[in-house]
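Residue-level structural notes
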Amino acid sequence: SALQERAKELNCLYRVEEILNNISAPLDDVFHEVIRAIPPGWQHPEICEARIIYENLTIASSSFAETPWVQTTDIVVQDDVVGSLSVYYTREMPAEDYGPFLKEEAKLINTIAERLGHYLQYKLLREMITDWQTAQTDLSQSRRGQWRVVLDLLRRTDQNLFRRRPSNRQWPYQ
């Protein structure tokens, strides 16, 4: 029985990893998939519901309802709490290590929340790099345009200076 529970937890974790490997998927789609992957990893999947709260976005199981039988952990990105992951049972179950939840389920929810934090941090860094590259390209094109104006002015006003090239280097923009 314990071995079957560990296998379910591992399968859940593998599924979450598989979902988080799709970095180009929309965030709400990723969260929905993670929410669907969670119940099969818990001891009582038939009464298990999950919810992710991230900033102003809340994603939950289709039949989600808050109950007193819950385990919750924070989702952290760069030492800031940005959301939470909660797993609920829809009805009371016998007491285990942490209320109705096993100690391995506590480890599992913490691991999933940690992976979500890494995923969100990666997405943020990727967006920052893309924005930086776009800004760099825009700046480069802007400079190129500024040089074109200068070179055009030289061509029109001083043909000799326009034709002269420095011997030790190329003009930066032609």
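Each remark here, short or long, concerns the structure printed above.
Residues numbered from 1 in each chain as written. Predicted model: local features only at pLDDT ≥ 70, side-chain atom pairs only at ≥ 80, totals over all residues. Heavy atoms only, no water.

Side note on the overall build of the chain
Rule in force here: For the purposes of this entry, the term helix denotes a DSSP run of H or I that reaches at least four residues, the term strand denotes a run of E that reaches at least two, and both are numbered from the N terminus. Accessible area is worked out with a 1.4 Å probe on protein chains only. A residue is then buried under 20% of its type maximum, exposed over 50%, and partly exposed in between. When checking whether two residues touch, look at their non-hydrogen atoms; a contact exists if any pair is within 4.5 Å. Method for areas: the Shrake-Rupley scheme with a 1.4 Å probe, in which residue coverage is limited to the protein chains shown.
In terms of helices and strands, the chain carries four helices and four strands. From first element to last, N terminus to C terminus, the chain shows the α and β order α-α-β-β-β-β-α-α. Of all 174 residues assigned to the chain, the portion counted as buried reaches 33%. Across the chain, contacts joining residues at least 24 apart in sequence account for 60% of those joining residues at least 6 apart. Accessible area for the chain stands at about 11,200 Å²; split by element, carbon and sulfur atoms hold 50% of it.

Brief notes about the side chain of Ser-86
Quick note on the threshold: N or O atoms within 3.5 Å of each other form a polar contact, as long as, within protein, one can give a hydrogen and the other can take it, and as long as residues adjacent in sequence are counted only when both atoms are side-chain atoms.
As for its placement among the helices and strands, Ser-86 is situated in strand S4 (residues 80-89). In this structure the side chain of Ser-86 is engaged in a polar contact, spanning 2.9 Å, whose partner is the side chain of Thr-72.

Things to note about the packing of aromatic side chains
The criterion, for reference: Pairing of aromatic rings covers Phe, Tyr and Trp, the last counted by its six-membered ring, and requires centre-to-centre distances within 6.5 Å; plane angles under 30 degrees mean stacked, over 60 mean edge-to-face, and any other angle means tilted.
In this structure the tally under the stated criterion is three aromatic pairs. Relative to Tyr-88, the ring of Phe-64 lies with its centre 5.0 Å away and its plane at 80°, an arrangement referred to as edge-to-face. Pair noted here: Phe-64 is in the loop between strand S2 (57-60) and strand S3 (70-77) and Tyr-88 is in strand S4, with a separation of 24 residues, a long-range link. On the accessibility criterion, Phe-64 (22% relative accessible area) is partly exposed. When the centroid spacing of 4.6 Å and the interplanar angle of 20° are considered together, the rings of Tyr-89 and Phe-101 count as stacked. Residue Tyr-89 is located in strand S4, and its partner Phe-101 is located in the loop between S4 and helix H3 (103-157); the two are separated by 12 residues in the primary sequence. Look at Phe-101 and you get buried, because its relative accessible area is 1%.

Overview of the nonpolar core
Note the threshold: By convention a nonpolar core is built from buried Ala, Val, Leu, Ile, Met, Phe, Trp, Tyr and Cys residues, the set being connected through side-chain atoms within 4.5 Å.
Counting residues in each nonpolar core, the largest one holds 34 residues, and the members touching the most others are Val-34, Trp-42, Leu-85, Ile-112 and Leu-116. Going through the elements one at a time, helix H1 (2-20), helix H2 (27-37), strand S1 (48-54), S3, S4 and H3 are the ones with two or more residues in this core. Per-element accounting of this core gives the leading share, seven residues, to H3. Those residues in contact with Trp-42 that sit more than four places away from it in its chain are Glu-5, Lys-8, Cys-12, Cys-48, Gln-71, Val-87, Tyr-89, Phe-101, Glu-105, Leu-108, Ile-109 and Ile-112.

Regarding H1
Filter applied, for reference: Multiplying 1.5 Å by the helix residue count minus one yields the expected span of that helix. Starting at the helix axis, one direction is taken to each C-beta atom, and the arc is that of these directions.
Its 19 residues give H1 an end-to-end C-alpha distance of 27 Å, which sits within 8% of 27 Å, the value for a rise of 1.5 Å per residue. Considered for burial, the residues of H1 that qualify are Glu-5, Glu-9, Cys-12, Val-16, Ile-19 and Leu-20. One side of H1 carries all its buried residues, which in axial view fall inside an arc of 95°. Those residues of H1 that are exposed and aimed more than 90 degrees away from the buried face are Leu-3, Gln-4, Asn-11, Tyr-14 and Glu-18.

Points about H2
By the burial criterion, the buried members of H2 are Val-30, Phe-31, Val-34, Ile-35 and Ala-37. The buried residues of H2 occupy an angular sector of 160° when projected down its axis, which confines them to one face.

Topic: the pattern of salt bridges
Stated precisely, the cut-off is as follows: Between Lys or Arg on one side and Asp or Glu on the other, a salt bridge is scored when a side-chain nitrogen of the former is within 4 Å of a carboxyl oxygen of the latter.
Applying the stated criterion to the full structure yields eight salt bridges. For the salt bridge of Glu-33 with Arg-15, the shortest nitrogen-to-oxygen distance reads 3.0 Å. Remark: Arg-15 occurs in helix H1 and Glu-33 occurs in helix H2; sequence separation between them is 18 residues. By relative accessible area, which is 27% here, Glu-33 ends up partly exposed. Where salt bridges share partners, they join Arg-15, Glu-18, Glu-33 and Arg-36 into one cluster.

Focus: the sheet that holds S1
This is how it is decided: Note on pairing: two strands pair once DSSP finds at least 2 bridges between them. Think of each axis as a best-fit line through the C-alpha atoms, taken over the contacting stretch in the case of a helix, with angles from 0 to 180 degrees between the N-to-C directions.
Spatially, the four strands line up as an open sheet ordered S2-S1-S4-S3, and their pairing is antiparallel. Strands with a single pairing partner mark the edges of an open sheet, and in this sheet they are S2 and S3. Neighbour-to-neighbour, the strand axes of the sheet open up by a mean angle of 15°, direction not taken into account. Pairing geometry for S1 and S2, over four bridges, is antiparallel. If you follow Ile-53 over to S2, its bridge partner there is Thr-58.

Just distances and angles here, no functional claims.
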